[in-house]
Amino acid sequence: QVQLVESGGGSVQAGGSLRLSCAASGRIFSRYAMGWFRQAPGKEREFVVAISQSGGRIYYADSVKGRFTISRDNTKNTVYLEMNGLKPEDTAIYSCAGTPAYSGDFVRPSTYDVWGQGTQVTVSS
């Protein structure tokens, strides 16, 4: 079983940048597709981006395309989310998630088996 721990959240002004990390325990990280989701107060959990096991397939939500970049380092059991051009509407708790599935709807939270505890990102105007 993989366990996930996020880090890198914080408070920035609009236009700023943050880099989130999601570190996984266990030796089977490379078998997991990984996703980032976010949830703002009073809103539903929202898909942000997903990356396949090898990193060869990446899916971005339209709201972050061109501003956010996901990457993974399977030698370090870590997936990263580089966030640039942050906007106040990006304010949310960001969680990483993992699934051993090689196909399916990676936009849906129910696809994922393992979740981190989340890290807060706050963007002020």
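Up top you'll find the structure we're talking about.
Given the structure is predicted, the values throughout are model-derived calculations rather than measurements.

The next point concerns the overall build of the protein. The secondary structure content of the protein amounts to zero helices and 11 strands. Reading the secondary structure of the protein in the N-to-C direction produces β-β-β-β-β-β-β-β-β-β-β. Radius of gyration (C-alpha) of the protein: 13 Å, near the 14 Å computed for a compact globule of 125 residues. Along the three orthogonal principal directions, the C-alpha set of the protein runs to about 40 × 25 × 25 Å. A total of 125 residues make up the protein; the buried ones form 45% of that total.

This paragraph deals with the pattern of salt bridges. In this structure the tally under the stated criterion is five salt bridges. Note that R19 is salt-bridged to E82, the shortest N-O span being 3.7 Å. You can see R19 sitting in strand β3 (residues 18-24) and its partner E82 sitting in strand β8 (residues 78-83), a full 63 residues away along the chain. A single network of salt bridges, built from pairs that share partners, joins R38, E46, R67 and D90.

Before going further, it helps to examine unusual backbone geometry. Although it is not a glycine, N77 sits at a positive phi angle of roughly 55°. Among the secondary structure elements, N77 is positioned in the loop between β7 (68-73) and β8.

Structurally, the position occupied by E6 is in strand β1 (residues 4-7). Buried and without a salt bridge, E6 has R45 as its closest oppositely charged side chain, separated by 8.5 Å. At 3.0 Å, the side chain of E6 and the backbone nitrogen of Q117 are in polar contact. Sequence-distant contacts of E6, defined by excluding residues within four places in its chain, comprise S21, C22, W36, Y94, S95, C96, G116, Q117, G118 and T119.

Along the polypeptide, N74 turns up in the loop between β7 and β8. Judged by its relative accessible area of 29%, N74 falls in the partly exposed class. In this structure, the C-alpha to C-alpha distance between N74 and G55, residues 19 residues apart in sequence, is 9.3 Å. Once you skip the residues sitting within four places of it in the chain, N74 turns out to touch F29, S30 and Q53. A polar contact is formed between the side chain of N74 and the backbone oxygen of Q53, at a distance of 3.2 Å.

Next up on the list: the state of the cysteines. Going through the model one piece at a time under the given rule, you end up with one disulfide. Here C22 engages in a disulfide with C96; their sulfurs sit 2.0 Å apart. The chirality of the disulfide connecting C22 with C96 is right-handed, given an S-S dihedral of about 60°. Residue C22 is found in strand β3, and its partner C96 is found in strand β9 (residues 92-99); the two are separated by 74 residues along the sequence. Take C22 and C96: they sit in the same class, and that class is buried.

This paragraph deals with the environment of V12. Inspection of the secondary structure puts V12 in strand β2 (residues 10-13). Along the primary structure V12 and S124 are separated by 112 residues, whereas in three dimensions their C-alpha atoms are 6.4 Å apart. Ignoring any residue separated from it by four or fewer positions in sequence, one finds V12 in contact with S17, L18, L86, T122, V123 and S124.

Calculation rules
- Every chain begins its residue count from 1, and numbering advances along the sequence as written.
- pLDDT decides what is reported in this predicted model: residues at 70 or higher carry local features, side-chain atom pairs at 80 or more are listed and counted, and totals for whole chains, interfaces and linings draw on all residues regardless.
- Computation of side-chain values: all heavy atoms of the structure, hydrogens and water removed.
- Helix and strand definitions here come from DSSP, where helices need a minimum of 4 consecutive H or I residues and strands a minimum of 2 consecutive E residues; each element is numbered from the N-terminal end.
- Here the radius of gyration uses the C-alpha set of atoms, whereas the globule reference equals 2.2 Å times the residue count to the power 0.38.
- The buried label applies to any residue whose accessible area, calculated with a 1.4 Å probe on protein chains only, is under 20% of its type's maximum; exposed applies above 50%, and partly exposed to all values in between.
- Salt bridges are identified by distance alone: a Lys or Arg side-chain nitrogen within 4 Å of an Asp or Glu carboxyl oxygen.
- For the purpose of charge, His is not counted, nor are the chain termini; Lys and Arg are scored as positive and Asp and Glu as negative.
- Polar contact criterion, stated in full: a pair of N or O atoms within 3.5 Å, where within protein one must be able to donate a hydrogen and the other to accept it, and residues adjacent in sequence count only if both atoms are side-chain atoms.
- The contact criterion used throughout is that any non-hydrogen atoms of two residues lie within 4.5 Å.
- Disulfide assignment relies on a single distance test, namely cysteine sulfur atoms paired within 2.5 Å.

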